[in-house]
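Here is how the chains run, residue by residue.
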Amino acid sequence: MGSATGPLVPRHSSQENWRLDTSSGPILVKRFWSGEDPSWRPDLELAMEFEGMALDAGIDMPQPIRPRHPAFGAAARIEGHGVFRAYPFLEHRPLEPGDDVSSWLGTTLARVHGLHRLAKTPLPNWWYGQLPPVPPERWGQWLEEGRAQGRAWVDSLDRRLSLVLDISRRVLETFATCGPHVLTHRDVEPWNVLVTGSGPVLVDWDTSGPDSAPLEAAYVITTFARRGRDRPDPDEVSRTLDAYSAAGGEIPSRPDILARHLGGELASLSDWIEATLGRERYRPLDPEETDARVIRNLDRLPALAEEAWSSAALFGPR
């Protein structure tokens, strides 16, 4: 890496990162944390190991810049500032609704899912949002705590509680019974696919870890086929599924194949409920403002569940 020729320029993202111009070209710098190592450092180390496997397999992705003195993997510690990593900055544009990446997406997913199959079924510790997952009784405890605090969402959760518990049960059962379970990217979203001069690339591998290959594939395929639409485009689903199958992937026909969508929704809902209850890690958020978000999420849950179960037909016998 060459010497810096300009200042760090902040970029808008969910995580701290900057563009830095150097004599060897621009680079992207990302900070993971600034203080002591968090409890999830081993998860990041595993993610970097898997990222290396994907690189060796020729997956379309950025090549990280290896530090001279790594703290672990491709991460470097800068005393007093935290733990960082860097990539060459890719000239790119975001993926747009009109971009047809179905063939690339299906092939890439299947190749990623073929890298490392797990011998044991892991906990659903990413797409559900928590490790361990929220136990059923906690929803009732939140309801009582919200009622004691006079939270505006109490009536909405009371009306939807049986649905929440049913979805939670189905999500966990589906994950446990829908293998193979593999190490994978776990965050294949449209914003993590960049269009470069040489084609699409998959970025942001730092949350890689264990997942169900079929559930991730079904989630990703329908998510990309929904870009710019109210519901997934069946033709785009079919094209991506054909590419996934041709590259060795397999998605079983089952009515709960899109449970990952609903697991993510419950994870988000539980986070917003915790925020309204004033938990310490959510203190930057205003509980009053998040009440309305919880109500909206609860009120749309029946329609989301109906769509998830009905859209499973997109992966039926062909």
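Just so it is clear, the structure is predicted and the values come from calculations on it, not from any experiment.

**Student:** Teacher, can you tell me more about unusual backbone geometry here?
**Tutor:** Trans peptide bonds make up the majority, and among non-glycine residues the majority have a negative phi. Between glycine 179 and proline 180 the backbone carries a cis peptide bond, its omega angle lying at 10°. Although it is not a glycine, arginine 186 adopts a positive phi angle of roughly 70°. Structurally, arginine 186 can be placed in the loop between strand S7 (181-184) and strand S8 (193-196). For arginine 186, a relative accessible area of 8% gives the class buried. Phi is positive for aspartate 204, close to 60°, though the residue is something other than glycine.

**Student:** Just checking my understanding: could you explain the environment of valine 154 for this structure?
**Tutor:** Relative to the assigned elements, valine 154 resides in helix H4 (residues 154-177). Residue valine 154 is classed as buried on the basis of its relative accessible area of 7%. In the structure, valine 154 is positioned 98 residues away from proline 252 in sequence and 38 Å away in space, judged by C-alpha atoms.

**Student:** Sorry, what's going on with helix H3 (residues 136-149) here?
**Tutor:** Because an α-helix completes one turn every 3.6 residues, residues spaced three or four positions apart along the sequence face the same direction. Relative to the 20 Å expected for 14 residues at 1.5 Å per residue, H3 spans 21 Å between its end C-alpha atoms, a close match to the ideal helical length. When we look at burial in H3, the residues that qualify are Trp139, Trp142, Leu143 and Gly146. For H3, the angular spread of buried residues about the axis comes to 105°, placing them on one side. Where the residues of H3 are buried, they touch H4 and helix H7 (259-276). Remark: glycine 150 follows H3 within two positions and exhibits a positive phi of approximately 75°.

**Student:** Would you mind showing me how to read the pairing of strand S9 (residues 199-202) here?
**Tutor:** Looking along a regular strand, one sees the side chains alternate between the two faces of the sheet. Bridge count for S8 against S9 is 4 bridges, and the pairing is antiparallel. Across the sheet, valine 193 pairs through a bridge with leucine 202, a residue of S9. Linking S8 to S9, which pair antiparallel, is a turn of 2 residues.

**Student:** Can you walk me through the sheet that holds S9 in this structure?
**Tutor:** Two pairing modes exist for strands in a sheet, parallel and antiparallel, and in both the strands are linked by backbone hydrogen bonds. Strand order in the open sheet made by the 3 strands is S6-S8-S9, with antiparallel pairing throughout. Taken across any chain shown, the strands that pair with only one partner, and hence form the sheet edges, are strand S6 (93-94) and S9.

**Student:** What is the right way to look at the environment of threonine 5 in this model?
**Tutor:** With respect to the helices and strands, threonine 5 occurs in the segment before strand S1 (9-10). Each C-alpha atom of the pair threonine 5 and threonine 22 lies 4.9 Å from the other, and the pair is 17 residues apart in sequence.

**Student:** Even after reading the chapter, I still don't get the nonpolar core, so can you show me in this structure?
**Tutor:** For soluble globular proteins, nonpolar side chains are generally found buried alongside one another. Trp139, Ile251, Ile257, Ile273 and Phe315 are the most contacted members of the largest nonpolar core, which totals 60 residues. Looking at which element gives the most residues to this core, the answer is helix H5 (residues 213-225), with 9 residues. With residues near it in sequence (within four places) discarded, isoleucine 273 still touches Trp139, Trp142, Trp153, Leu157 and Val294. Listed in part, the 8 residues of the second largest apolar core include Trp33, Leu44, Ala75 and Val83.

**Student:** Would you mind going over the sheet that holds strand S3 (residues 27-33) with me for this structure?
**Tutor:** Taken in spatial order, the 5 strands make up an open sheet running S1-S2-S3-S5-S4, and their pairing is antiparallel. Both edges of this open sheet fall to S1 and strand S4 (76-78), since each of them pairs with a single strand only. Of the strand pairs in this sheet, S4 and strand S5 (residues 82-88) are connected by 3 bridges, and their pairing is antiparallel. Following the sheet pairing, arginine 77 is matched in S5 by valine 83. Sitting on the sheet, helix H1 (residues 41-56) is in contact with S3, S4 and S5, with an inclination near 150° to S3.

Thresholds applied
- Residues numbered from 1 in each chain as written.
- Predicted model: local features only at pLDDT ≥ 70, side-chain atom pairs only at ≥ 80, totals over all residues.
- Heavy atoms only, no water.
- Helix = DSSP H or I, 4+ residues; strand = E, 2+ residues; numbered from the N terminus.
- Buried < 20%, exposed > 50% of the residue type's maximum accessible area, 1.4 Å probe, protein only.
- Expected span 1.5 Å × (residues − 1).
- Arc of directions from axis to C-beta.
- Contact = heavy atoms within 4.5 Å.
- Pairing = 2+ DSSP bridges.
- Core = buried A, V, L, I, M, F, W, Y, C linked by side-chain atoms within 4.5 Å.
- Axes fitted to C-alpha atoms, helices over the stretch in contact; angles between N-to-C directions.

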